[in-house]
Amino acid sequence: MSMLLKTDEGIRLKGTLSVPGDKSISHRAVMFGSIAEGTTKIHGLLTGDDCLRTIDCFQKMGVQIERNEDDVEIRGRGIDGLQEPKEILDVRNSGTTIRLLLGILANAAFHACLIGDESIAKRPMDRVVQPLLKMGAKIDGRENGSFTPLSIRGGSLTGIDYISPVASAQVKSAVLLAGLRADGVTSVTEPQLSRDHTERMLRLFGCEVEEDGLKKSIKGNQTLRGTTIHIPGDISSAAFFLVAGLIVPNSELTILNTGINPTRTGIIDVLKEMGADILMERKDESSIEPVADITVKTSSLKGIEIGGDIIPRLIDEIPVIALAATQADGTTIIKDAAELKVKETNRIETVVKELSKMGARIEATEDGMKIYGKSKLHPATVDSHGDHRIGMMLAIASCLAKGETAIENNEAIGISFPRFFDLLEELKHSNT
Ligand code: S3P
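Right, let's get into the site of the ligand. Looking at the ligand, the residues that line it are Ser24, Arg28, Thr96, Ala167, Ser168, Ala169, Gln170, Arg195, Ile315, Asp316 and Lys343. Ser24 places a side-chain nitrogen or oxygen 2.7 Å from an oxygen atom of the ligand. Gln170 places a polar main-chain atom, nitrogen or oxygen, 2.9 Å from an oxygen atom of the ligand. Elements with a minimum of two residues in the shell around the ligand: helix 1 (23-35) and helix 7 (169-179). Residues of the shell around the ligand, tallied by class, amount to three nonpolar, four polar and four charged. Of the domains in this structure, domain 1 (2-21 + 232-429) and domain 2 (23-230) are the two that each give at least three residues to the shell around the ligand.

Here is the structure:
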């Protein structure tokens, strides 16, 4: 499908909005609720396709999950209660679903087949499969288990002390989840800290997770107990409106109830360093995840260098940070971000290709990109390449391009932000 976005002379963005629930937290809430004992109630679940895939996979393993819009009730079956699925588990576009599921199934007393869409078929699974094999799981698949389709038959597991070559919350989570059912202690050490939602949520479900700097450890044979979870707005979805409010002239936007877990707020730090006017109003701390209302006003931005330990804290926001950089004075360099190549698309390639079509001056580098400010963007026919974050970044770019921009494969946006286009239109006001 294709979506035509029209931008009139002098539009501005104004208003208060909420973004859908955090994708990473939503996946974990469904997964942990399914393997917990007792009932779990989730409020504010992201109802995008990725999280619906997670629900579908656990329903296929016999878990009773009832959903009413973004409220979900799960009758947990306990970690040994999952049933052998009679059908293939299809995660479609969802990397988090397949990688964390592998960790959960590593000890299951049955066999399961896992597949996804064309994008999943290109994404590396060996980063999760290798440590799980070391623990004793039996996994096979294309190219020796490096790519989907994958087949897994649980085994009896032994704890390992795993040094991960990549900072990846998906790898860390899969290994820790397998560790829940392994003999002894399982540890994962990453080169930089990745998002810590698994650690926080395992504690909410009554498990102990130890931390020693970048090393996270879990003891085997722990039981999860059902609980109630309120999911904050996704900062990765808020990111599109944060940048929109900063780069569209005369704008002011407030995004309510956004998750501000420090392992996710790299975008706030970077935008502030670029000169952004951002105000954060912290909400109460009753939840396991910190939350704030965030207000942004149009600001003049300057180019900066982004690299090192901050990258895992903003990896999903790099496409929209690149857009912000096209409107900054001076050059922005993004480095140490080769992980972008193995996301839903090769995001170095897709960002550079699509923003160039709109007049941005941007170059791909080996591990990131170089963006020259300040570019006047013009309308074009652009393509999400089936990547939700590329589609949304281009929709925000279209607000600076007077005329009509067509976004091809726009339906991908439903993966993480079902009402994105409606919300964007509601915030557009004329300047007169
Ligand atoms: C996610 C972790 C990140 C992120 C992805 C969601 C998660 O990937 O890019 O969108 O929910 O654990 P990696 O852990 O592979 O870096």
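Following the structure, the description resumes.
On to the pattern of salt bridges, then. Here the structure, examined in full by the defined rule, presents 33 salt bridges. Salt-bridge contacts for Asp49 lead to Arg92; the nearest nitrogen and oxygen are separated by 3.0 Å. With a gap of 43 residues between them, Asp49 in helix 2 (residues 49-59) and Arg92 in the loop between strand 6 (89-90) and helix 3 (95-105) connect regions that are remote in the sequence. A salt bridge links Glu366 to Lys341, with the shortest nitrogen-to-oxygen separation between them at 3.0 Å. Here Lys341 lies in the loop between strand 21 (331-334) and helix 12 (347-357) and Glu366 lies in the loop between strand 22 (361-365) and strand 23 (368-372), a separation of 25 residues in the sequence. By relative accessible area, which is 62% here, Glu366 ends up exposed.

Here the focus is the packing of aromatic side chains. The geometry of an aromatic ring pair comes down to the distance between the two centres and the angle between the two planes. Tallied over the entire structure, the rule returns six aromatic pairs. An angle of 65 degrees between the planes, with centres 5.9 Å apart, marks the rings of Phe241 and Phe417 as edge-to-face. One end of the pair, Phe241, is in helix 9 (residues 235-247); the other, Phe417, is in the loop between strand 25 (403-408) and helix 14 (420-427), and 176 residues separate them in sequence. What makes Phe241 buried here is its relative accessible area of 0%. Among the residues examined, Phe417 registers a relative accessible area of 1% and is labelled buried. Summarising the aromatic geometry, the rings of Phe420 and Phe421 are spaced 5.5 Å apart at their centres and angled 75 degrees between planes, so their arrangement reads as edge-to-face. For the residue pair Phe420 and Phe421, the accessibility class agrees, reading buried in each case.

Along its 13 residues, helix 9 runs 18 Å from first to last C-alpha, staying within 8% of the 18 Å computed at 1.5 Å per residue. Of all 13 residues in helix 9, 13 are buried; the element is thus mostly enclosed. Between the side-chain oxygen of the N-cap and the backbone nitrogen of Ser236 there are 2.8 Å, and the N-cap of helix 9 in question is Asp234.

A word on the domain arrangement of the chain. By the assigned domains, the chain splits into domain 1 (2-21 + 232-429) and domain 2 (23-230). The C-alpha centroid of domain 2 is placed 29 Å from the C-alpha centroid of domain 1. Counting residues at the interface gives 26 residues for domain 1 and 27 residues for domain 2. The tally of links between domain 1 and domain 2 comes to three salt bridges. Arg195 is the salt-bridge partner of Asp316, the closest N and O atoms lying 3.2 Å from each other. Here domain 1 is connected to domain 2 by 12 residue pairs in polar contact (both at pLDDT 80 or more). Of the residues assigned to the side of domain 1 that touches domain 2, the class counts are 10 nonpolar, seven polar and nine charged.

Another point: the sheet that holds strand 14 (residues 209-212). A sheet is described by the order of its strands in space; here four strands give the open sequence 11-13-15-14, paired in mixed fashion. One side of each edge strand has no neighbouring strand; the edge strands of this open sheet are strand 11 (161-163) and strand 14. Sheet twist, expressed as the mean angle between neighbouring strand axes with direction ignored, is 20 degrees. Its contacts with the sheet put helix 8 (residues 197-204) on strand 14 and strand 15 (215-219), and the angle it makes with strand 14 is roughly 140 degrees.

About the thresholds
Residues numbered from 1 in each chain as written. Predicted model: local features only at pLDDT ≥ 70, side-chain atom pairs only at ≥ 80, totals over all residues. Heavy atoms only, no water. Near = heavy atom within 4 Å. Polar contact = N/O pair within 3.5 Å; in protein donor to acceptor, adjacent residues only side chain to side chain. Helix = DSSP H or I, 4+ residues; strand = E, 2+ residues; numbered from the N terminus. Nonpolar A, V, L, I, M, F, W, Y, C, P; charged D, E, K, R; others polar. Domains from an automatic or database assignment. Salt bridge = Lys/Arg side-chain N within 4 Å of Asp/Glu carboxyl O. Buried < 20%, exposed > 50% of the residue type's maximum accessible area, 1.4 Å probe, protein only. Phe/Tyr/Trp six-rings, centres within 6.5 Å; stacked < 30°, edge-to-face > 60°. Expected span 1.5 Å × (residues − 1). Contact = heavy atoms within 4.5 Å. Pairing = 2+ DSSP bridges. Axes fitted to C-alpha atoms, helices over the stretch in contact; angles between N-to-C directions.

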